[in-house]
Amino acid sequence: MGFLEELKALLPGRVLTHEAELAPYESDALTAYRKRPLAVALPERKEEVVEAVRLCHHHGVPFVARGSGTSLSGGSLPVEGGIVLALNRMNRILKLDPKARIAVVEPGVVNLEVSRQAAPFGLYYAPDPSSQPVSTLGGNVAFNSGGAHCLKYGMTANHVLGLELVTPRGEVVRLGGESLEGAGPDLHGFFVGTEGLLGVAVEITLRLLPKPEAYHTVLAAYPSLEAAGEAVSRVIRAGLLPGAMEIMDRLSIEAAEKAVGAGYPRVEGLLIVELEGPKEEVAAEAEVLHRVLAESGALEVRVARGEAERQAIWKGRKAAFSAVGRLSPDYLVQDGVVPRSRLGEALREIGRLSEAYGLRVANVFHAGDGNLHPLVLYDGKKPGELERAEALAGEILRLCVRLGGSITGEHGVGVEKKAYLREMFSEADVEAMERVKARLDPKGLANRGKVFDPRVEVAR
Amino acid sequence: MTLRPEGLEEVREAVLAHPRLRARAGGTKPALSTPREGEALLDLSRLRGLLEYEPEEFVFTAFAGTPIAEVEEALKAHGQYLPFDPPLAGKGATLGGTVAAGLSGPLRHRFGGLRDFLLGVRFVDGEGRVVRGGGKVVKNAAGFPFHRLIVGALGAFGVMVELSFKVFPRPRATRTLRVRREGLKEALAELERLRLLPLDLLALDLIPPATLELRLGGFEGSVEARLGRLLGLLGEGEVLEEDAPHWQGVRDLAFLEGSPIWVKVPAKPHLIPELEGLPLGPRRYLDGGEVLYAGTAEEGLKALREAGLPHLVLKGTQDPLHPPPPLAFFAKVKEALDPKSRFPLG
């Protein structure tokens, strides 16, 4: 029997090979890239994932695990001649133990679903990427997803306590456990963020946190983006640790307004600050915050009264990416990080680059952790415009590295930024990563073509 | 044989010159840092000092051999601290040793442990190659996260040279509430209730059989009001106004002094009844029961092994880690970074 026949025998009726069936899997949220896989497999149990990976290993067929396909870096782009392991059917929450404050989930469980199920116990799952109503935890784990609350609560890696995974050679291994503390190397922490290159997580143990008692969410409007950025520095210098600080520029405000009508003021720079915690502490922090904002040159400061107003503020922010789609036929989302104190400098330079390239750039970013999300607007139908947009995006990444930051805060390297990994890391750093990959995956089957630039990717 | 490198280059030379090495700086966890037969001792105490510290960024980078006390003094001057509360700081523990052992103290309850605050590393691998993982910003998803790999790895993958950490603003005021219950069962029930409430406690410890210690931090007025609410929730308790010296002692694991063996056991509230049935000495559960630090003798260690409970011995044995890391994954990473097994866990 050939590979496909064996796969079909393993997953009867759940191997897609027809052109029309494959089309939805050819691309993820990085729509500029598209590849047709050999087949799409739809396992329903972890044993099936394990057997499928073993089959791939035996036949030397590359595989790409995929959840909802929301990767903005092309992390789940198929490999020609390889298969896609679509894990959406593995969407069971296997255990939700409020006393232990953990949830054990399959990789196809949607991020927001965990918080929904945990809510009756007063608990939630903290990482909140904007894609959280759709994106799955398997993908969140592979790419170490972030969200708006990373300064205070960390990223996905900080909330994963244990993993069961199948290595690219088809071995099943358990890393970590259920406790917040471990004994021995933090291998599960290491696996998170390796973008599916070291195996497929089939079971994930997550930590849950008590939902904050009180929130204080503030909108502050500024005459310039830099003034909004400066306000963030003032908040930090005052010794506050807000749960989230977000900034949007005029273009993204307009897009968000058109999309969801959040009621944002139409200004050059909008700052959202959210305090959270016990009500007495939040009240004391709010006093300091308002003193700081009063001195920060804000044109207007609005406080969300009640949960509905708070949700409206966040709805606009979280809709910003997709809303920008209304302003332009196509766009690239960048994800660089700069030290917070260099935000102003970075924004000035991005503005200058935008003019030089003749392309509009909308800015939405996690100001608390210096994570920029410039959206480079372009029209893919105009010859050369995608290439120009990519060149501009590349310059922004170099800028982030130059300022001491990172090429990606939460979207991962994927296919999109692999040419820039060496801008941030030395040859020796990348070689060490490639050696780890080569040892765990000697045939180079797991998510081939991601993270490392194929021009220099060789078996070491 | 003891080597005392003063910089990155000398660390590389030392690694390449010796087939088996073991790193040590403060030496506060002798079970991990005492050289075994045939190992050269790599004393990192000269790799010391802060390299970068931008208070406004909530980030610093320092040499791995820097004593934690030295770092904390610099942070304190800017109203900041290490929220994972590295243990044994008062005894001379260093950043590198804390990372290699993977240890956090009682304050980990509020914001998380060491793994949540380490941002980046520069290390020398088993072939003398200088490798960097992570970065110097609080959010970063680029490349394989070697900085997480080295947490608790006992130095298995390389010799740390530089480490970058996230820090937070220090709580302006603190108070501690100590409450006693009738027995272990009642204390555990209380612990489980408190774990689910949004109290933002800095610390929540169980001292068996039946004492709970809760530490609050924040603005002075808020701490006072929240203390009142806690008393309403828990009934009577003893309030410690000046609680810093008490917690310094806990953090330095003073309660283990006098025990021949010191052990850390990852735990969970539901494991506590089983752990309490083992022949262990003085002990304390930190972070709402997530981790146990216990003093014991051979008998206790044997009982932990027989019960199949993972643990790490800090003092008093040659064989500190049980169980060994899962080979299907660990051995491959080890081969990639330390193919000649110069470092521990070979």
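Residues numbered from 1 in each chain as written. Chains lettered and ligands numbered in written order. Predicted model: local features only at pLDDT ≥ 70, side-chain atom pairs only at ≥ 80, totals over all residues. Heavy atoms only, no water.

In the nomenclature of an unreviewed UniProt entry, chain B is known as FAD-binding protein of Thermus islandicus.

The name an unreviewed UniProt entry assigns to chain A is FAD-binding protein, from the organism Thermus islandicus. Recorded in UniProt for chain A, the comment headed Cofactor (unreviewed entry) runs: "FAD". (UniProt positions renumbered as here; feature names shortened; annotations may be inferred.)

> Explanation requested: the UniProt feature "domain: FAD-binding PCMH-type" (unreviewed entry) in chain B in the structure shown.
Under the local residue numbering, the UniProt record ascribes the feature "domain: FAD-binding PCMH-type" (unreviewed entry) to residues 1-170 of chain B. For residues 1-170 of chain B, the helix share is 22%, the strand share is 26%, and the end-to-end C-alpha distance is 42 Å. (Helix = DSSP H or I, 4+ residues; strand = E, 2+ residues; numbered from the N terminus.)

> Would you mind showing me how to read the interface of chain B and chain A here?
In many reports, interface size means the accessible area that the parts give up when they come together. Contact with chain B, which involves 75 residues of that partner, is made by 96 residues of chain A. Both sides of the chain B and chain A interface together cover about 7000 Å² of buried area, and 59% of this is carbon and sulfur. Looking at the side of chain B facing chain A, the largest losses of area belong to Lys139, Phe144 and Phe329 of chain B, adding up to 14% of the total buried there. Here chain B is connected to chain A by 13 salt bridges. One salt bridge in this structure joins arginine 132 of chain B and aspartate 429 of chain A, with 4.0 Å as the shortest N-O distance. The tally of links from chain B across to chain A stands at 45 residue pairs in polar contact (both at pLDDT 80 or more). No other element matches helix H12 (residues 327-337) of chain B, which puts 8 residues into the side of chain B that touches chain A. (Contact = heavy atoms within 4.5 Å. Buried area = accessible area lost by both parts, 1.4 Å probe. Salt bridge = Lys/Arg side-chain N within 4 Å of Asp/Glu carboxyl O. Polar contact = N/O pair within 3.5 Å; in protein donor to acceptor, adjacent residues only side chain to side chain.)

> Just to check I follow, could you spell out the pairing of strand E12 (residues 214-222) of chain A for this structure?
Each regular strand displays side chains that alternate between the two surfaces of the sheet. Residues and elements named next belong to chain A. Buried residues dominate E12, accounting for 8 of its 9 residues. The sheet contact formed by E12 and strand E15 (residues 300-303) spans 4 bridges and is antiparallel. Within E15, the position partnered with alanine 220 by the bridge is valine 301. (Buried < 20%, exposed > 50% of the residue type's maximum accessible area, 1.4 Å probe, protein only. Pairing = 2+ DSSP bridges.)

> Got a minute to help me understand the UniProt feature "domain: FAD-binding PCMH-type" (unreviewed entry) in chain A in this structure?
Here the UniProt feature "domain: FAD-binding PCMH-type" (unreviewed entry) sits at residues 33-211 of chain A. Each end of residues 33-211 of chain A is marked by a C-alpha atom, and these two atoms are 39 Å apart; helix forms 21% of the span and strand 25%.

> I tried to follow the domain arrangement of chain A on my own but got confused; where do I start?
Residues and elements named next belong to chain A. Annotation of chain A at the domain level lists domain 1 (1-211), domain 2 (212-326) and domain 3 (328-443). Distance from the C-alpha centre of domain 2 to the C-alpha centre of domain 3: 25 Å. Facing the 18 residues of domain 2 at the interface are 20 residues of domain 3. Summed over both sides, the interface of domain 2 with domain 3 buries roughly 1700 Å², with 65% coming from carbon and sulfur. Among the residues domain 2 hides against domain 3, the three largest losses belong to Leu251, Phe321 and Val324. Together they make up 33% of the total. On inspection of domain 2 and its partner domain 3, the count reaches 1 salt bridge. Of the charged contacts, one joins glutamate 226 and arginine 348 as a salt bridge, the two residues approaching to 2.5 Å between their closest N and O atoms. For the interface between domain 2 and domain 3, the tally reads 8 residue pairs in polar contact (both at pLDDT 80 or more). Secondary structure elements with two or more residues in the side of domain 2 that touches domain 3: helix H8 (225-237), strand E13 (244-249), helix H9 (250-260) and helix H12 (320-324). Sort the elements by how many residues they give to the side of domain 2 that touches domain 3 and E13 lands first, with 5 residues. The class makeup of the residues in the side of domain 2 that touches domain 3 is 10 nonpolar, 3 polar and 5 charged. (Domains from an automatic or database assignment. Nonpolar A, V, L, I, M, F, W, Y, C, P; charged D, E, K, R; others polar.)

> Even after reading the chapter, I still don't get the sheet that holds strand E2 (residues 21-24) of chain B, so can you show me in this structure?
Two strands in a sheet stick together by hydrogen bonds in their backbones, pointing the same way (parallel) or opposite ways (antiparallel). Residue and element names in this part refer to chain B. Ordered in space as E1-E3-E2, the 3 strands form an open sheet in which the pairing is parallel. In this open sheet, the two strands that pair with only one neighbour each are strand E1 (2-3) and E2. One ladder, built from 4 bridges, connects E2 with strand E3 (residues 40-43); its direction is parallel. Bridging across to E3, arginine 22 finds its partner in leucine 41.

> What exactly am I supposed to notice about the layout of surface pockets here?
Take a probe with the size of a water molecule and roll it over the atoms, and the empty space left behind shows itself. The computed volume of the second largest pocket comes to approximately 800 Å³. Residue lining of the second largest pocket: 42 residues in total, with Gly176, Gly177, Glu181, Gly182 and Ala183 of chain A positioned closest to the centre. Contributing elements (two or more residues each) for the lining of the second largest pocket: strand E8 (160-166), strand E9 (172-176) and helix H7 (187-191) of chain A together with strand E15 (261-266) of chain B. Split by residue class, the lining of the second largest pocket holds 21 nonpolar, 13 polar and 8 charged. (1 Å grid on protein atoms, 1.4 Å probe; cavity = no way out; pocket = protein on both sides within 12 Å on 5 of 7 lines; lining within 4 Å. Points joined across faces, edges and corners; volume = space filled by probe spheres on them.)

> I would appreciate a short explanation of the nonpolar core in the present structure.
The tendency in soluble globular proteins is for nonpolar side chains to be buried side by side. Core analysis: the largest hydrophobic core is formed by 155 residues, its most contacted members being Val436 of chain A together with Phe60, Phe146, Leu163 and Phe329 of chain B. Apart from residues lying up to four places away in sequence, phenylalanine 329 of chain B is in contact with Leu165, Val173, Leu175, Leu187, Phe190, Phe191, Leu198 and Leu440 of chain A. Val263, Leu278, Leu301 and Ala303 of chain B belong to the second largest nonpolar core, which has 36 residues in total. (Core = buried A, V, L, I, M, F, W, Y, C linked by side-chain atoms within 4.5 Å.)

> Please clarify how the packing of aromatic side chains should be interpreted in this entry.
Two aromatic rings, taken as a pair, are described by how far apart their centres are and by the angle between their planes. Counted according to the given criterion, the structure contains 12 aromatic pairs over all chains. Here the aromatic rings of phenylalanine 190 of chain A and phenylalanine 144 of chain B are separated by 6.2 Å at their centres, their planes lie at 90°, and the arrangement is edge-to-face. Here phenylalanine 144 of chain B lies in the loop between strand E8 (130-134) and helix H6 (146-149) and phenylalanine 190 of chain A lies in helix H7, a pairing that spans two chains. An identical accessibility class is assigned to phenylalanine 190 of chain A and phenylalanine 144 of chain B; each is buried. Between the aromatic rings of phenylalanine 191 of chain A and phenylalanine 329 of chain B, the centroid separation amounts to 6.4 Å while the plane-to-plane angle is 65°, which identifies the pairing as edge-to-face. Of this pair, phenylalanine 191 of chain A sits in helix H7 while phenylalanine 329 of chain B sits in helix H12, each in a different chain. Assessed through its relative accessible area of 0%, phenylalanine 329 of chain B is described here as buried. Put simply, the rings of Phe58, Phe60, Phe84, Phe111, Phe117, Phe165 and Phe168 of chain B touch in pairs and so form one group of aromatic residues. (Phe/Tyr/Trp six-rings, centres within 6.5 Å; stacked < 30°, edge-to-face > 60°.)

> Explain the domain arrangement of chain B to me, please; I cannot follow it from the model alone.
Residue and element names in this part refer to chain B. The domain architecture assigned to chain B consists of domain 1 (2-169), domain 2 (173-252) and domain 3 (254-322). Spacing between the C-alpha centres of domain 1 and domain 3 amounts to 24 Å. The partner domain 3 presents 17 residues to the 17 residues of domain 1 that form the contact. Summed over both partners, the interface of domain 1 with domain 3 buries about 1300 Å², with 62% contributed by carbon and sulfur atoms.

> Would you mind showing me how to read the side chain of aspartate 379 of chain A here?
Structurally, aspartate 379 of chain A is set in the loop between strand E18 (371-378) and helix H14 (385-402). Only 2.9 Å separates the side chain of aspartate 379 of chain A from the backbone nitrogen of lysine 381 of chain A, close enough to count as a polar contact.

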